[in-house]
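As a plain string of letters, each chain reads:
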Amino acid sequence: MSRIPPSLLYLTIYNPTLKPKLSDPDDEDAEEVAHILFHTAREHAVSRDKVLRQVGLAKALVNFSEMFDAGVPCENVHSQTRRMVMLSPEPNYWIHACYEVAKTPRPSHSQSGPKEAPKGKTKGKEKEKAQAPRATVQYDYHDGSVHDEALRTHFQRGYEGFKLLHGSFTSVLSKLGQEALELQLERFFTIWAWKWDLDDEDFGTHLGVPLHPSHFTLTPLLESFTSKLPQDCLAFALIPPYVIPPRNPRYPPALVHYVLSRVPPPPTPVPRNNAPGPGISPTPPILPSNSATSASTRSVKQENFPAAGAGITASLLAMPTLPVMNLTLDPKSFKWNWPGYLTFGRSPVGLRPSSSLQAPPAPAVESIVPTSDSGLKLDAAIVGKKKETLDVDTASLLEAISTESMGSYTRAASPTPSALSRSSQLGESSNRDVAGSISPVESGASPVQGNGDAVELALDSPHASLEPMVTTTSRATPTFLRSVVYLANPTESLATERRRVLHITVRYTLSSAPPLPLNIYQREECTVAVVVDMDHTLDVEQLADDAAGLIESLRKVMVEKNARVNEEIIPSAAKILQPKDRYIIATGEYTTTSSAGFISRSEHLYDAQKLLRSDHDVLEVFSRGQNPQHWYIGKHNLGTTADGQAIDGEAYMEISRKETTLTDVDNELAGVIKRFIEHL
């Protein structure tokens, strides 16, 4: 039977200290209704009584738990079918949600088929079946499909996202009033609550923002850029999905997720087979409708050019060259004219294949003339003229096609107007080789000679230079994308103030040692974000140039690292096929993962995290699954640095080797933590 994933039943936000504006003695529930600021449910229409019962149950659970342990409210309630979460992000404000765990319908108990009834009693049986109530479907519920820590982290991030865009609940209520707070909560949480899929969430996602694998080398470059800014300014770099933070970050993790969502998507490339080269018309020339003329023209196309370049086409594209189709409609017979197609082996009149490379005389000729821009120019002759003798240097033509025309110049589609911003466009200069994604539509450059597309397209060819090309055209002035956020005051977390975020994105290509196929070229993008005051006096143009220089420095460091990796000895086949150990280390708001990444949804890791964060002073958790037989380890308190400072963090590891013993697992975890501390 199909498994039904866990889903949200309802979400509500309330404040039990709020009072109604007008007291109505006839309405007994007026005060309870005033407490509710936001409510959404899976049901489209929910009565007020049902909403009050749901909120009243959450209040009762919180008050009941505080009777046993003052100051420690209820956080989670488990039942066979549901999970209830209570979170208080601010004093007197509560976020309460209820989730239904995953379930699977049970198979029907009636295994045997229905017995045949006499013909006379068939109608009576049908009436009884129609009147009989249908049997309710029984479900098997999966208790481990919803995890408390993941739920609490998710709702805490939702609150941080709202606080980043609108401010804290307390500040909005004090400045704008309750109606404005309810409106902002509805606009934000109605969309946010229903776009999260628990099945798509892996264990490493809720631990924090992933750090770049080379952030130890890249952070000093960011610090050099930040040193030129005023002290109250913040800066960080993003190479999705990784972040390069400063040494002492002073911004919430929600800001990183927000800037990642604001990065314009990469332009969608046009398929190469459909993209015309330079000098070639994107549409085929219109041929005369005369049957004799079209037949002779098609004969020249089939026998002259395809025969001469058949070897070239087969070697480049590994596919046969098809004749140009003339889709003409005969108005008398209403039949489409498909010459050369669906003939089932019979050659139509005028289309007989010829073994000779020279075409017979024809009234109309299409000559292919090599041009100076390494393209092919199609020149249709006038119908009725004699065919002129063409002296073509076959060797030169083959050399020109094989060397210069192999890389089909594909032009990237322009992004949407909302994503087409000059903040993500960075041109080329003679002293910088950053391949920026400048759209020809905005820059006014041609698709081939434009400073943005020429670099990106040239790198698509395996014969192109592995370093990004440098053009001599003038570089467009880079500008930032701007947005406004609310950041908490360092002294008071509930007091938020408006700040402006400036970020610029550059797309580039990381190349490795030659020769490599196209799939080895790594295309990445880098974003530099700067947080400034609303009334700042910075030179934005100079700041954009400095940000572009920072991105260029980051790119060079990563190119050098890729070159060193390629120079290493190729591992043996046994080592490549051996399952690799995966780990993730969470320190504060950031995570560090293994080179192979960390994607796991194992319940053992969630259980280990729950034990490590409990009040039982658990330091290490070791567990092993049955199918597959993997080891799962969790460790708290990673040790101390060389300076004697304690490292407060958590390390989780998954080992896939069956022959590994408990001692080997412990040694592997100790080695991972030791290497992590050495890089600090």
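What counts and how
- Residues numbered from 1 in each chain as written.
- Predicted model: local features only at pLDDT ≥ 70, side-chain atom pairs only at ≥ 80, totals over all residues.
- Heavy atoms only, no water.
- Phe/Tyr/Trp six-rings, centres within 6.5 Å; stacked < 30°, edge-to-face > 60°.
- Helix = DSSP H or I, 4+ residues; strand = E, 2+ residues; numbered from the N terminus.
- Buried < 20%, exposed > 50% of the residue type's maximum accessible area, 1.4 Å probe, protein only.
- Axes fitted to C-alpha atoms, helices over the stretch in contact; angles between N-to-C directions.
- Parallel < 35°, antiparallel > 145°, perpendicular 65-115°, else oblique.
- Contact = heavy atoms within 4.5 Å.
- Nonpolar A, V, L, I, M, F, W, Y, C, P; charged D, E, K, R; others polar.
- Pairing = 2+ DSSP bridges.
- Patch = residues over 30% accessible without salt bridge, like charges linked within 9 Å, V, L, I, M, F, W, Y side chains within 5 Å.
- Areas by Shrake-Rupley, 256 points an atom, 1.4 Å probe, with all protein chains shown as cover.
- Salt bridge = Lys/Arg side-chain N within 4 Å of Asp/Glu carboxyl O.
- Left-handed = near helix turned anticlockwise from the far one by under 90°.

Undergrad: Give a description of the packing of aromatic side chains that names residues and reports values.
TA: Inspection of every chain in the model, using the stated rule, returns 17 aromatic pairs. Centroid distance Tyr93 to Phe169: 5.4 Å. Interplanar angle 55°. Geometry classified as tilted. On the criterion of sequence distance, the pair formed by Tyr93 in strand E5 (residues 93-100) and Phe169 in helix H5 (residues 169-176) is long-range, its members being 76 residues apart. Comparing Tyr93 with Phe169 shows no difference in burial state: the two are buried. Centroid distance Phe189 to Trp192: 5.5 Å. Interplanar angle 85°. Geometry classified as edge-to-face. Taken together, the positions of Phe189 and Trp192, both in helix H6 (residues 178-194) and 3 residues apart, correspond to about one turn of that helix. The pair formed by Phe189 and Trp192 is uniform in burial state, with each residue classed as buried. An aromatic cluster is present here, built from Phe38, Tyr93, Tyr99, Phe155, Tyr159, Phe162, Phe169, Phe188, Phe189, Trp192 and Trp196 joined pairwise through their rings.

Undergrad: Residues and numbers for the packing of H5 against H6, please.
TA: Following both chains from N to C, one finds H5 and H6 inclined at 135°, their axes separated by 7 Å at the closest point. One element, H5, and the other, H6, form an angle in the oblique class. Residues Phe169, Val172, Leu173 and Leu176 of H5 form the contact with H6, whose participating residues are Gln178, Ala180, Leu181, Gln184, Leu185 and Phe189. When grouped by side-chain class, the residues that make up the contact of H5 with H6 number 8 nonpolar, 2 polar and no charged.

Undergrad: Please set out the sheet that holds strand E20 (residues 620-624) residue by residue, giving values where relevant.
TA: Adjacent strands of a sheet pair through backbone hydrogen bonds, lying either parallel or antiparallel. Strand order in the open sheet formed by 6 strands is E8-E19-E18-E24-E21-E20, with mixed pairing between adjacent strands. What marks the edges here is a single partner per strand, and that holds for strand E8 (209-210) and E20.

Undergrad: Kindly report on a nonpolar patch on the surface, identifying the contributing residues and their values.
TA: Together, Phe64, Met67 and Phe68 make up a nonpolar patch on the protein surface, roughly 420 Å² of accessible area in all. Residue placement: Phe68 occurs in helix H2 (residues 48-68).

Undergrad: Please give an account of the packing of helix H4 (residues 148-166) against H6 that cites residues and values.
TA: Contact pair H4 / H6: the axes reach a minimum separation of 11 Å and the direction vectors enclose 130°. As judged from the angle between their axes, H4 and H6 are oblique. Pair H4 / H6 crosses with right-handed handedness. Residues His154, Phe155, Gly158, Tyr159, Gly161, Phe162, Leu165 and His166 of H4 pack against Leu181, Gln184, Leu185, Phe188, Phe189 and Trp192 of H6. Class assignment of the residues belonging to the contact of H4 with H6 gives a composition of 9 nonpolar, 5 polar and no charged.

Undergrad: Would you mind going over the pattern of salt bridges in detail, with residue names and values included?
TA: Evaluated as defined, the whole model comprises 21 salt bridges. Of the charged contacts in the structure, one is a salt bridge between Lys50 and Glu43, with a shortest N-O distance of 2.9 Å.

Undergrad: An account of unusual backbone geometry is needed here, citing residue identities and associated values.
TA: Going from Pro240 to Pro241, the amide bond is cis rather than trans, its omega being 0°. Of note, the amide linkage connecting Asn627 to Pro628 takes the cis form, showing an omega dihedral of 5°. Structurally, Pro628 can be placed in the loop between E20 and strand E21 (631-636). Within the chain, Asn637 stands out as a residue other than glycine whose phi angle is a positive 60°. Relative to the assigned elements, Asn637 resides in the loop between E21 and strand E22 (639-640). Here Asn637 falls in the partly exposed class, since its relative accessible area comes to 40%.

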